[in-house]
Amino acid sequence: MEEILKNLPEKAKDKHKENKKFFAKLRKKPPKDLDRQMQDMHEEEFSRTNCLDCANCCKTTGPLFTNKDIERISKHLKQKPQQFIEQYLRIDEDNDYVLQQVPCTFLAEDNYCLIYDVRPKACREFPHTDRKDFHKISNLTIKNTAICPAAFNIVEEMKRRVKG
Ligand code: SF4
Ligand code: SF4
């Protein structure tokens, strides 16, 4: 996995143009069963890729935190929401709450998440490859192919399988 993660940004850069073109075409004419196809590709990929071997999203980017996330996690940590914000979060350029630092403070050495059951929604959903209308978040997805080996593989598989 270490080698895969080391080479991933370069591989994603090589595919950038091709991926842009693919998604531009897909957005114009997405197949009717795209959601189902995405679900299949997502499940197939994550039956091969174990996030516990990777944790690259937790190490390099971190999620944004909604107010609901902050309430739920601070309650779990027996803190007031404001205390939690001051201790762990900052506001980014889009006015969202994000981590003060990466790797995420809640990532344990064995790649387990210390707040797994109450983790932010964005962590639960990353890399969003099984979400509805997946083609509508193509810019984010192309960005994620440089961070997430599963997202990279899923986009490669899409290019082989999905016919617009
Ligand atoms: S979601 Fe992607 S980047 Fe995050 S741990 Fe799983 S494979 Fe790695
Ligand atoms: S909260 Fe958990 S899942 Fe989310 S980035 Fe931190 S360690 Fe990873």
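What you see is a predicted model, and the numbers here were worked out from it, not measured in a lab.

How each quantity is defined
Residues numbered from 1 in each chain as written. Chains lettered and ligands numbered in written order. Predicted model: local features only at pLDDT ≥ 70, side-chain atom pairs only at ≥ 80, totals over all residues. Heavy atoms only, no water. Near = heavy atom within 4 Å. Nonpolar A, V, L, I, M, F, W, Y, C, P; charged D, E, K, R; others polar. Helix = DSSP H or I, 4+ residues; strand = E, 2+ residues; numbered from the N terminus. Polar contact = N/O pair within 3.5 Å; in protein donor to acceptor, adjacent residues only side chain to side chain. Contact = heavy atoms within 4.5 Å. Domains from an automatic or database assignment. Core = buried A, V, L, I, M, F, W, Y, C linked by side-chain atoms within 4.5 Å. Buried < 20%, exposed > 50% of the residue type's maximum accessible area, 1.4 Å probe, protein only. Phe/Tyr/Trp six-rings, centres within 6.5 Å; stacked < 30°, edge-to-face > 60°. Lys NZ or Arg CZ within 6 Å of the ring centre and 35° of its normal. Arc of directions from axis to C-beta. Patch = residues over 30% accessible without salt bridge, like charges linked within 9 Å, V, L, I, M, F, W, Y side chains within 5 Å. Areas by Shrake-Rupley, 256 points an atom, 1.4 Å probe, with all protein chains shown as cover. Salt bridge = Lys/Arg side-chain N within 4 Å of Asp/Glu carboxyl O. Lys, Arg positive; Asp, Glu negative; His and termini not counted. Charge placed at Lys NZ, Arg CZ, Asp CG, Glu CD.

Let's shift gears to the site of ligand 1. In the vicinity of ligand 1, the residues found are Thr49, Cys51, Cys54, Ala55, Asn56, Cys57, Phe126, Ile147 and Cys148. Taken together, the residues of the shell around ligand 1 break down into 7 nonpolar, 2 polar and no charged.

In the vicinity of ligand 2, the contacting residues are Cys58, Pro63, Cys104, Phe106, Leu107, Cys113, Ile115, Pro120 and Cys123. Among the residues forming the shell around ligand 2, the class breakdown is 9 nonpolar, no polar and no charged.

In this section: the side chain of Thr129. Tracing the sequence through the fold places Thr129 in the loop between helix H6 (121-125) and helix H7 (138-144). In this structure the side chain of Thr129 is engaged in a polar contact, spanning 2.7 Å, whose partner is the side chain of His42. In this structure Thr129 touches Met38, His42, Phe46, Phe134 and Ile154, once residues within four positions along its chain are discounted.

What follows covers the domain arrangement of the chain. Along its sequence, the chain is carved into domain 1 (2-52 + 126-161) and domain 2 (64-117). Here the C-alpha centroids of domain 1 and domain 2 sit 27 Å apart.

This part takes up the nonpolar core. Counting 14 residues, the largest nonpolar core has Phe65, Ile70, Ile73, Phe84, Leu89 and Phe106 as its most contacted members. Elements that contribute at least two residues to this core include exactly helix H4 (67-76) and helix H5 (81-88). In terms of residue count, H5 provides more of this core than any other element does, 3 residues in total. The residues touching Phe106, leaving out its near neighbours within four places in the chain, are Leu77, Phe84, Tyr88, Tyr112, Cys113, Leu114 and Ile115. Among the nonpolar cores identified, the runner-up in size contains 13 residues, and Leu34, Met41, Ile137 and Val162 belong to it.

Next up on the list: the packing of aromatic side chains. Under the defined criterion, the tally for this structure stands at 6 aromatic pairs. Taking the centre distance of 5.3 Å and the plane angle of 70° together, the rings of Phe22 and Phe23 count as edge-to-face. A single burial state applies to Phe22 and to Phe23, both of which are buried. Relative to Phe134, the ring of Phe23 lies with its centre 6.3 Å away and its plane at 65°, an arrangement referred to as edge-to-face. Taken together, the residues span a long stretch of sequence, with Phe23 in helix H1 (residues 2-28) and Phe134 in the loop between H6 and H7 at a distance of 111 residues. One exposure class covers both Phe23 and Phe134, and it is buried. Taken together, the aromatic side chains of Phe65, Phe84, Tyr88 and Phe106 make up a single cluster linked through ring pairs. When the ring centre of Tyr116 is taken as reference, the NZ or CZ atom of Arg119 above it lies at 3.8 Å.

It is worth spelling out H4 at this point. Of the positions making up H4, those classed as buried are Asp69, Ile70, Ile73 and Ser74. Down the axis of H4, the smallest arc covering the buried residues is 115°, so these residues share one side. Set apart from the buried face of H4 by more than 90 degrees, the exposed residues are Asn67, Lys68, Glu71 and Lys75. After H4 finishes, the residue Lys78 shows a positive phi value of roughly 55°.

A cluster of basic residues, Lys21, Lys25, Lys29, Lys32 and Lys163, forms a positive patch at the surface. Within the element layout of this structure, Lys32 appears in the loop between H1 and helix H2 (34-48). Using a relative accessible area of 90% as the deciding quantity, one classes Lys32 as exposed.

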